[in-house]
Amino acid sequence: MVEGFKRIVDAVFEQRGSLDGFDFVCSAHPSIDTAPFVEAGATWLLHAFWPGNTPEQVLRFISRFAER
């Protein structure tokens, strides 16, 4: 999955000659480690919560990042 994302980033760089002013958005389930996507060039990360996730589950996930 990350390899494919990196190929896209590389292709955009090849076409534009630069990534300045260009954002890459990655959407992932909260259980997926997004660090490799950031390393591959993601500038935005969207976490998707699915029907059935409780508010407590979402808040617990958010609290993991509040301490950073």
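This text follows the structure it describes.
In what follows, the accompanying structure is described.

What counts as what
- Residues numbered from 1 in each chain as written.
- Predicted model: local features only at pLDDT ≥ 70, side-chain atom pairs only at ≥ 80, totals over all residues.
- Heavy atoms only, no water.
- Helix = DSSP H or I, 4+ residues; strand = E, 2+ residues; numbered from the N terminus.
- Buried < 20%, exposed > 50% of the residue type's maximum accessible area, 1.4 Å probe, protein only.
- Phe/Tyr/Trp six-rings, centres within 6.5 Å; stacked < 30°, edge-to-face > 60°.
- Core = buried A, V, L, I, M, F, W, Y, C linked by side-chain atoms within 4.5 Å.
- Contact = heavy atoms within 4.5 Å.
- Pairing = 2+ DSSP bridges.
- Right-handed = clockwise from strand over helix to strand, strands pointing away.

**Things to note about the overall build of the protein chain**
Working step 1: Check the secondary structure of the protein chain and you find 3 helices and 2 strands.
Working step 2: Taken from N to C terminus, the helices and strands of the protein chain fall in the order α-β-α-β-α.
Working step 3: In terms of overall dimensions, the protein chain has C-alpha extents of about 45 × 25 × 15 Å along its principal axes.
Working step 4: A total of 68 residues make up the protein chain; the buried ones form 19% of that total.

**Let's talk about the packing of aromatic side chains**
Working step 1: Taken as a whole, this structure holds 4 aromatic pairs when the rule is applied.
Working step 2: Taking 6.3 Å as the distance between ring centres and 75° as the angle between the ring planes, the aromatic pair formed by Phe5 and Phe24 counts as edge-to-face. Here Phe5 is found in helix α1 (residues 2-16), whereas its partner Phe24 is found in the loop between α1 and β1 (25-28), with 19 residues between them in sequence. In this structure, Phe5 and Phe24 share a single accessibility class: buried.
Working step 3: Ring centres of Phe22 and Phe24 lie 5.0 Å apart, and the angle between their planes is 55°; on these two criteria the pair is classed as tilted.
Working step 4: Note on Phe24: relative accessible area 6%, which makes it buried.

**Examining the nonpolar core**
As a rule of thumb, nonpolar side chains are buried together in soluble globular proteins.
Working step 1: By size, the foremost hydrophobic cluster in this structure holds 8 residues: Phe5, Val9, Val12, Phe24, Cys26, Phe37, Ala40 and Ala42.
Working step 2: At the level of elements, α1 and α2 (35-40) are the ones that each hand at least two residues to this core.
Working step 3: With 3 residues, the top contributor of residues to this core is α1.
Working step 4: Each residue touching Phe24, except ones within four places of it in the same chain, is listed here: Phe5, Ile8, Val9, Val12, Leu19, Gly41, Ala42, Thr43 and Trp44.

**Some points on the pairing of strand β2 (residues 44-47)**
Working step 1: Bridging between β1 and β2 involves 4 bridges; their strand directions are parallel. Each bridged residue has a counterpart across the sheet, and for Cys26 the counterpart in β2 is Leu45.
Working step 2: The β-α-β motif built from β1, the intervening α2 and the parallel element β2 has right-handed crossover chirality.

Keep in mind that these numbers describe shape and distance, not what the molecule does.
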